[in-house]
Amino acid sequence: MTSDTPAGRRLRVFNRRRSAPSRARRRLGAAVRMVAALALAGGVYTAFAPGALAEDNRPLSAAAQEGKALFDNSCISCHGRNAEGVEGRGPTLIGVGSASVEFQVGTGRMPMTRQEAQAERKTPQFNQDQVKQLGQYVQEIGGGPQVPTGPLTEDLKQNPEALARGGELFRINCTSCHSFGGAGGALSSGKYAPSLHAATEQEIYAAMLTGPQNMPVFGDNEITPDQKREIITYVTQQLQQDKDPGGLFNLGRYGPVTEGLAIFLVGITLLVFAALWIAGKS
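About the thresholds
- Residues numbered from 1 in each chain as written.
- Predicted model: local features only at pLDDT ≥ 70, side-chain atom pairs only at ≥ 80, totals over all residues.
- Heavy atoms only, no water.
- Buried < 20%, exposed > 50% of the residue type's maximum accessible area, 1.4 Å probe, protein only.
- Helix = DSSP H or I, 4+ residues; strand = E, 2+ residues; numbered from the N terminus.
- Contact = heavy atoms within 4.5 Å.
- Axes fitted to C-alpha atoms, helices over the stretch in contact; angles between N-to-C directions.
- Parallel < 35°, antiparallel > 145°, perpendicular 65-115°, else oblique.
- Nonpolar A, V, L, I, M, F, W, Y, C, P; charged D, E, K, R; others polar.
- Phe/Tyr/Trp six-rings, centres within 6.5 Å; stacked < 30°, edge-to-face > 60°.
- Core = buried A, V, L, I, M, F, W, Y, C linked by side-chain atoms within 4.5 Å.

**So, helix α9 (residues 201-210)**
In terms of residue burial, α9 counts as a mostly covered element, since 8 of its 10 residues are buried. Listed in full, the buried residues belonging to α9 are Glu203, Ile204, Tyr205, Ala206, Ala207, Met208, Leu209 and Thr210. Where the residues of α9 are buried, they touch α5 (97-106) and α10 (225-237). In the segment just after α9, Gly211 is the residue with positive phi, at about 65°.

And the structure:
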């Protein structure tokens, strides 16, 4: 402990001057260690996930390049130069995947001729190869759900119970909007659930994956791929083959409740007139 004399005060000043560089060195050392730790973390990330940094620079495939040319010619005015969307015209396509493009463009819903409550199905402006190319371009620049390759329906000879399971899944998940017979139905604000009678296997699968218009998204956690194939089997093998779930009469293909009510009303009316005719003759 230094005394409060001139010599002691000079000693304290000298000690403080000696300690100052030490604090500066500690701070500099801490900064160097921080930079080294960040560099190490970045190096480890790059080593284990190289695709995360290289993905943006990955060249487009030949199909995607063809799709980009189509996109720049027909879609860029609404969806933007890099598919990021244009406010008031069209949403971003980043993350929608090729499934959404193939559904919207393959059914003629896109490009839209005018802004409406809902895009309607119409004759497509692109052939199937062009639709695939557009979907591949959107898939490569933004990712998203894809329609799987291979069969999208079940082989009823090998799996005869698939039709019954598909019908049960359809009635649980789809009839509230598309009706028991797949004829579709009205929704709110001028929107509607479309008929499924003209839908292809790819369109139905893509719609379940992407949830177009007011339809909810049925991901693989909600409905597994096997269950999706069973639903498509039911739609294509039952509802699209004029096999009315209502019974003998085709009353809008709305199912047994509508048909039973109609038969009841018609039957009661006939019985009343028959009773009146018998009473008048007696």
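**Observations concerning the side chain of His178**
Assignment of secondary structure puts His178 in helix α8 (residues 175-178). What makes His178 buried here is its relative accessible area of 11%. When residues no more than four places from it in sequence are discounted, the contact partners of His178 are Phe170, Ala183, Gly184, Ala193, Pro194 and Leu196.

**Notes on the packing of helix α3 (residues 62-74) against helix α6 (residues 128-142)**
The N-to-C vectors of α3 and α6 enclose an angle of 100°; their axes lie 7 Å apart at closest approach. The angle between α3 and α6 places the two elements in the roughly perpendicular class. In contact with Ala63, Ala64, Glu66, Gly67, Lys68, Leu70 and Phe71 of α3, α6 contributes Gln130, Gln133, Leu134, Gln136, Tyr137 and Glu140. Counted by class, the contact of α3 with α6 contains 6 nonpolar, 4 polar and 3 charged residues.

**A short note on the packing of aromatic side chains**
Here a ring pair, both rings aromatic, is described through the centre-centre distance and the interplanar angle of the planes. Going through the model one piece at a time under the given rule, you end up with 2 aromatic pairs. Look at Phe71 and Tyr137: their rings are 5.4 Å apart centre to centre, the planes differ by 50°, and that puts the pair in the tilted class. Placement of the pair is Phe71 in helix α3 and Tyr137 in helix α6, with a sequence separation of 66 residues. The exposure class assigned to Phe71 is buried, which follows from its relative accessible area of 1%.

**Examining the nonpolar core**
By size, the foremost hydrophobic cluster in this structure holds 22 residues, and its most contacted members are Phe170, Ile231 and Val235. Contributions of two or more residues to this core are made by α5, α7 (162-173), α9 and α10. With 6 residues, α9 is the largest single contributor of residues to this core. Ile231 has contacts with Gly166, Leu169, Phe170, Met208 and Ile223, leaving out every residue within four places of it along the chain.

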